[in-house]
Amino acid sequence: MWHNLVRAGLTFLLATLFSLSADAQSLPGIGGNTKSETTAPESELTQAIRQAAESGVNVVVLDSSGKLIAAASPATATSPDSPPGDNPMEHASHLMRAQAEVQKFRETLSQRLDALPNSLTEVAFILRATSPDGRIMTYAEVLFWTLVLFFFARIAVRMTYGERFAKKLMIARSQDDPQGYRDKMPILVFRFFLGVGGTILMMLVSYIAGYLIFDPVGDSSIELTIAAIYLAVFLSWTVSDLWRMMLSPYLTQYRIPVLSDQDARRLYHWAWIIGSYSIASTIFATWIADFGLNYNVYAILYGLLSLVGAVANVLMVLFNARAISNAIRGGKPAHQVVRLTRIVSYAWAPLMIGYIIFGWFELTFDLVLEHETSVPMIAGAYMVFLSIIIVYGAINYVIERYFDRSRAVARMNQELAANEAADDSDDVPVKPPHALMTYEALARRVAGILAFVAGAYAMLRVWDPENQVLPNSVFGRTLDVITILFIGYVVYHCFRIWIDSKIAEEAVDQEEGELGDEGGASSASRLATLLPLFRGAILAIVVVSIGLIALLELGINVSPLFAGAGVVGLAIGFGAQTLVRDIFSGAFFLVDDAFRKGEYIDIGDVKGTVEKISVRSFQLRHHLGALNTIPFGEIKVLTNYSRDWVIMKLPLRVTYDTDVEKVRKLIKKLGQELLQDPVIGENFIQPLKSQGVIEMQDSAMIIRVKFMTKPGDQWLVRKKVYEEIRALFAREGIHFAHREVTVRLADGAAEDLTEDQKKAVTGAVQGVIEEDQGDPGNGGPDR
């Protein structure tokens, strides 16, 4: 009765699940041989054997009376040696082939389920025949006593090897606050090999104990069973050590993924238990196949065990999805990571679940149809994951070891910047202009790409174990193009990082002035001015070169492109003469080093500080805020106020009774005092001195003083000089002359002036004052 129940249950479960699946893959089959000496009618049995041989099937199912139950039919059997044209599915569409595979799957599954009761009887008979004492329970007893020996050996190894040796070594090498892969990877790898060593020692202790307690084993079936158990135990504990290395559930400071202690331990136990189950089920199914047992039992049992493993993997993904997504984002909220990382953190769980379900269907489809099964797709997913983790971790460890000195220098700079920021609480952190600012950051990006490539290659080996895809011309060319693009990406960023580092080295470290201050205080070096233009040129060269190489790799002739480029260049030369003039004028201005970024220049109608230089034009920022863009071709005369040195001359209006010699001595003394000023003393190239009287006006004598400073510093020094001269003259009783206009009238005529005459006199006086105030020679250039 239980045979009928098993048959009904398996029929309902498997037929429902596989009725919608199809796989067009057709590979050489594997299988076991089932022989029977029961005699059937000669003609029917001979015909069945001949049909089975022609169709490549090596199992013929008979009932207990010798009657044929299942055999290959002539309609569906195709001899391997028959011509290709004899196969009716050779020219069929993929849909028809898939439908034929589904139909074949249903028929084969039904046949295997019909033959399952007899197959189980055959398995029981073979197990009794191979057992030393003719009992099936002998294998269960071997399993039980082997596991008992492993249990006590594990306890003994933990108390000796673990507590007295491995633990002391780990404590001696552990750090309280390890940083990065350079500090963490060696301890994690060392912990892994300690675990593998403990597993090997446990197996050795168990083997010695079994050899001393039990009689020597002389039966090959028992030896095979013990070897399978030993292999399963070794692989199970090795998987445990691998997950402990990657998740570090009990060493928080050495954990590389961003996981809490609870999440890391839960994920570790899930992964270890499911991995151990998958290993045990695979080895058990292989053990059945190695005994030469009925293939029906092997296929159905392996499929059911794989179903339980697939369900467990799906549950592991569901229970740990949130923690793994957070680890993918590096512990950051979703809005703080780049879009690709955010998409991966959300999409990995449903994709993984779909992959697990499809992998189980694919494995079971191959088992039922007796196709050759290489690596199960679920196990292949773990291989891909391990490939990515190992490659990424190893490359990052090498990167951190190589860039150790540069990281130390960067750490010192960060500490200095933090100290300066603590002194000035108004500082606003500046966002770096690019995510890849150092060679180490580029190397980490490349490490991630190479880890992805390693995972993709491992996945390809799982899907294509016979290497049929890589030799394909289209796929190979696509890989070549991707490789070329990757090389171009690395080359461009190497040049960009080098140029940015040189620009940073050439940058002037100074305190920025407030908006609206006069510019020209300092300028970038010539190299820092030209390098941004070189960066754009290098980008263009890399993009064009990589594009041409990719087109050549795809088999496209690029000679017409060069001819077309020549025609387009000629057309641009004739039709855009202004553009060409601007580009060539800018090139010669920059070669002549006429101005640099940050310098204050005057080109006639416009003046200001150079903010940006492009291929065709540049931008000037006036101190009042206006931003002017000037093409290079429009420059006729250029005056640079930011080169070498600047002399500032200041006119002073004093009364006619002022002692000029006294003023000269006071100004000279003041100039020596200003050289010691902590704020502006270092800005002087020549001290403040008097040039004497330079002009005599109606109401004042004009005494001029001058000083020489670095370019851009004259404005700050001028403010201080005016302030000190005013205070000095006030202390010494020297008076500034006020502007006066003298109107001489005839005696007594002032009283006889009419209102119109008074207004005319007032207007004349006002005009003289305004003309005198508007004289640019009195106040220097209007900025």
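Novice: I tried to follow the overall build of the protein chain on my own but got confused; where do I start?
Specialist: When helices and strands are tallied, the protein chain shows 20 helices and 10 strands. For the protein chain, the share of sequence-separated contacts (at least 6 apart) that also reach a separation of at least 24 residues comes to 71%. In the structure as shown, the protein chain presents an accessible area of about 47100 Å², 61% of it carried by carbon and sulfur atoms.

Novice: How do you make sense of helix H8 (residues 295–328) when you look at a structure like this?
Specialist: The first and last C-alpha atoms of H8 sit only 43 Å apart over 34 residues, clearly below the 50 Å expected at 1.5 Å per residue. At Asn320, H8 is bent by approximately 65°, the largest bend along its length. Positive phi shows up at Gly330, right after H8, with a value of about 70°.

Novice: For this particular structure, what's the right way to read the sheet that holds strand S7 (residues 639–640)?
Specialist: Taken together, 5 strands build an open sheet; the order of strands is S6-S5-S4-S3-S7 and the sheet is antiparallel. This sheet does not close on itself; its edge strands, each paired only once, are strand S6 (627–631) and S7. The pairing of strand S4 (residues 607–613) with strand S5 (residues 617–621) spans 4 bridges and is classified as antiparallel. Across the sheet, Val610 pairs through a bridge with Leu620, a residue of S5.

Novice: Would you take a moment to explain a nonpolar patch on the surface for this structure?
Specialist: Taken together, the side chains of Phe144, Trp145, Leu201, Leu204, Val205, Tyr207, Ile208, Tyr211, Leu212, Ile213 and Phe214 define a hydrophobic patch exposed on the protein surface, amounting to about 1200 Å² of accessible area. Of all elements in the fold, only helix H4 (137–173) and helix H5 (180–213) reach the threshold of two or more residues within the nonpolar patch. The element that contributes the greatest number of residues to the nonpolar patch is H5, accounting for 8 residues. Looking at where Phe144 falls in the secondary structure, it is placed in helix H4. Assessed through its relative accessible area of 48%, Phe144 is described here as partly exposed.

Novice: What is the right way to look at the packing of aromatic side chains in this model?
Specialist: Two numbers describe a pair of aromatic rings. These are the distance of the centres and the angle of the planes. Considering all chains together, one arrives at 18 aromatic pairs under this definition. Where Phe729 meets Phe736, the ring centres are 5.2 Å apart and the plane angle is 35°; that geometry is what we call tilted. Look at Phe729 and you get buried, because its relative accessible area is 1%. Among the aromatic residues, those joined into a ring-pair cluster are Trp237, Tyr250, Tyr268 and Trp272. The aromatic ring of Trp237 is capped on one face by Arg154, whose charged end is 3.7 Å from the ring centroid.

Novice: Would you mind going over the sheet that holds strand S8 (residues 646–654) with me for this structure?
Specialist: Across the sheet, which stays open at both edges, the 3 strands sit in the order S8-S10-S9 with antiparallel pairing between neighbours. Edge strands, defined here as strands with exactly one partner in the open sheet, are S8 and strand S9 (684–696). Strand-to-strand twist across the sheet, computed as the mean angle between neighbouring axes with direction ignored, equals 20°. In the sheet, S9 pairs with strand S10 (residues 701–709) via 7 bridges, with the strands oriented antiparallel. Residue Gln686 lies in a different strand from S10, and its bridge partner there is Met708. Against the sheet, helix H17 (residues 660–675) makes contact with S9 and S10, and its axis sits at roughly 165° relative to S9, the strand it touches most. Packing of helix H18 (residues 714–732) onto the sheet brings it into contact with S8, S9 and S10, and relative to S8 it is tilted by some 25°.

Novice: Just checking my understanding: could you explain empty space enclosed by the protein for this structure?
Specialist: Where empty space is left in the structure can be found by rolling a water-sized probe over the atoms. Under the defined criterion, the tally for this structure stands at 2 cavities of 30 Å³ or more. Considering the residues around the second largest cavity, the lining is formed by Ile647, Gln686, Pro687, Lys706, Phe707 and Met708. The set of elements that each furnish at least two residues to the lining of the second largest cavity consists of S9 and S10. With 3 residues, the single largest contributor to the lining of the second largest cavity is S10.

Novice: Whenever I open this one, the pattern of salt bridges confuses me. Can you help?
Specialist: It is possible for side chains of opposite charge to pair when their charged atoms get near one another. Here the structure, examined in full by the defined rule, presents 12 salt bridges. For the salt bridge of Arg621 with Glu611, the shortest nitrogen-to-oxygen distance reads 3.0 Å. Here Arg621, found in strand S5, pairs with Glu611, found in strand S4; they are 10 residues apart in sequence, far enough to count as distant. We classify Glu611 as partly exposed; its relative accessible area is 33%. Notably, a salt bridge pairs Glu732 with Lys662, separated by 3.7 Å at the nearest N-O pair. Taken as a pair, Glu732 in helix H18 and Lys662 in helix H17 lie far apart in primary sequence, 70 residues in all. Look at the salt bridges and you will find they share partners, linking Asp133, Arg135 and Glu141 into a network.

Novice: Help me understand H17 in this model?
Specialist: Owing to its 3.6 residues per turn, the α-helix brings residues three or four apart onto one side. Between its first and last C-alpha, H17 extends 23 Å over 16 residues, near the 22 Å set by a 1.5 Å rise per residue. Among the residues of H17, those classed as buried are Val663, Leu666, Ile667, Leu670, Gly671 and Leu674. Each buried residue of H17 lies within a common arc of 140° when the element is viewed along its axis, so the set occupies one face. Along H17, exposed side chains directed more than 90 degrees from the buried face belong to Lys665, Lys668 and Lys669. Buried residues in H17 make contact with S9, S10 and H18. Among the residues of H17, the N-terminal cap falls to Asp659, whose side-chain oxygen and the backbone nitrogen of Glu661 are separated by 3.2 Å.

Novice: I tried to follow the packing of H8 against helix H9 (residues 339–369) on my own but got confused; where do I start?
Specialist: Packed helix pairs are characterised by how far apart their axes lie and by the angle those axes make with each other. Running from amino to carboxyl end, H8 crosses H9 at an angle of 175°, the nearest separation of the two axes being 9 Å. Judged on the interaxial angle alone, H9 and H8 are roughly antiparallel. Tallied by class, the residues present in the contact of H8 with H9 amount to 21 nonpolar, 8 polar and 1 charged.

Novice: Looking at this model, I keep getting lost on the environment of Tyr181. Mind explaining?
Specialist: When you line up the elements, Tyr181 lands in helix H5. Sequence spacing of Tyr181 and Ile256 is 75 residues, and the spatial spacing of their C-alpha atoms is 7.8 Å.

Novice: Explain the environment of Phe291 here, please?
Specialist: Turning to its location among the elements, Phe291 is positioned in the loop between helix H7 (261–290) and H8. Residues Phe291 and Thr225 lie 66 residues apart in sequence; the distance between their C-alpha atoms is 9.9 Å. Among all residues touching Phe291, those that are not within four sequence positions of it are Ile126, Leu127, Thr130, Tyr139, Ser221, Leu224 and Thr225.

Novice: Explain the side chain of Ser325 here, please?
Specialist: As for its placement among the helices and strands, Ser325 is situated in helix H8. Here Ser325 falls in the buried class, since its relative accessible area comes to 10%. Reaching out from Ser325, the side chain makes a polar contact with the backbone oxygen of Ser345 at a distance of 2.8 Å.

Cut-off values and rules
Residues numbered from 1 in each chain as written. Predicted model: local features only at pLDDT ≥ 70, side-chain atom pairs only at ≥ 80, totals over all residues. Heavy atoms only, no water. Helix = DSSP H or I, 4+ residues; strand = E, 2+ residues; numbered from the N terminus. Contact = heavy atoms within 4.5 Å. Areas by Shrake-Rupley, 256 points an atom, 1.4 Å probe, with all protein chains shown as cover. Expected span 1.5 Å × (residues − 1). Bend = angle between axes of the 7 residues up to and from the residue. Pairing = 2+ DSSP bridges. Patch = residues over 30% accessible without salt bridge, like charges linked within 9 Å, V, L, I, M, F, W, Y side chains within 5 Å. Salt bridge = Lys/Arg side-chain N within 4 Å of Asp/Glu carboxyl O. Buried < 20%, exposed > 50% of the residue type's maximum accessible area, 1.4 Å probe, protein only. Phe/Tyr/Trp six-rings, centres within 6.5 Å; stacked < 30°, edge-to-face > 60°. Lys NZ or Arg CZ within 6 Å of the ring centre and 35° of its normal. Axes fitted to C-alpha atoms, helices over the stretch in contact; angles between N-to-C directions. 1 Å grid on protein atoms, 1.4 Å probe; cavity = no way out; pocket = protein on both sides within 12 Å on 5 of 7 lines; lining within 4 Å. Points joined across faces, edges and corners; volume = space filled by probe spheres on them. Arc of directions from axis to C-beta. Polar contact = N/O pair within 3.5 Å; in protein donor to acceptor, adjacent residues only side chain to side chain. Parallel < 35°, antiparallel > 145°, perpendicular 65-115°, else oblique. Nonpolar A, V, L, I, M, F, W, Y, C, P; charged D, E, K, R; others polar.

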